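# What the coordinates show
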Amino acid sequence: EGWLKYQRKLYSKKDSNFMLNHCAKLEELGVPLRQRNYTVATWDDRFQQLVEFGRVNRHFNIPNPDDPDNFVGEHTTDVAEARRFYKFVSRVQTEYRALQKGL
């Protein structure tokens, strides 16, 4: 985990020591502490996105947007958004496999 990512994590958690001693200094320097300008999708939002992907594509094999051989598809216009969707589906699959194994 990089240093700036860790600072942003402290900022998002409103860590009292960070907020008191470091936040203002970083903001004075112009360091962006807020995460990128996107709305965090809920589990239900991502599920609906998966349903729509399946309806449009007739399968649930979500392409990895970081693989240059894959086409991201028309279901998303933003690679960062495609990456978040891909990670959501990957986590759901991993959790499902763990549940099947009784973990």
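As a reminder, the structure under discussion sits directly above these lines.
Summary of the structure given here.

Rules and cut-offs
- Residues numbered from 1 in each chain as written.
- Predicted model: local features only at pLDDT ≥ 70, side-chain atom pairs only at ≥ 80, totals over all residues.
- Heavy atoms only, no water.
- Salt bridge = Lys/Arg side-chain N within 4 Å of Asp/Glu carboxyl O.
- Helix = DSSP H or I, 4+ residues; strand = E, 2+ residues; numbered from the N terminus.
- Buried < 20%, exposed > 50% of the residue type's maximum accessible area, 1.4 Å probe, protein only.
- Arc of directions from axis to C-beta.
- Contact = heavy atoms within 4.5 Å.
- Expected span 1.5 Å × (residues − 1).

Applying the stated rule across the entire model yields 4 salt bridges. Between Asp66 and Arg83 there is a salt bridge, with its nearest N and O atoms 2.7 Å apart. One end of the pair, Asp66, is in the loop between helix H4 (43–57) and helix H5 (79–101); the other, Arg83, is in helix H5, with 17 residues separating them in the sequence. Judged by its relative accessible area of 48%, Asp66 is partly exposed. A salt bridge links Arg84 to Glu81, with the nearest nitrogen and oxygen atoms 3.3 Å apart. Of this pair, Arg84 and Glu81 are both found in helix H5, 3 residues apart, which corresponds to roughly one turn of the helix.

To continue, consider helix H1 (residues 3–12). Within H1 the residues assigned to the buried category are Gln7, Arg8, Leu10 and Tyr11. Each buried residue of H1 lies within a common arc of 160° when the element is viewed along its axis, so the set occupies one face. Where the residues of H1 are buried, they touch helix H2 (16–21) and helix H3 (23–29). In the segment just after H1, Lys14 is the residue with positive phi, at about 55°.

Assignment of secondary structure puts Gln49 in helix H4. Gln49 sits in the buried class, given a relative accessible area of 18%. Once residues within four sequence positions are removed from consideration, Gln49 is found in contact with Glu81 and Phe85.

On to H5. Look at H5: 33 Å from first C-alpha to last across 23 residues, which is about the 33 Å you get at 1.5 Å a residue. Among all positions in H5, only Glu81, Ala82, Phe85, Phe88 and Val89 are buried. Phi turns positive, to about 80°, at Gly102, one or two residues after H5.

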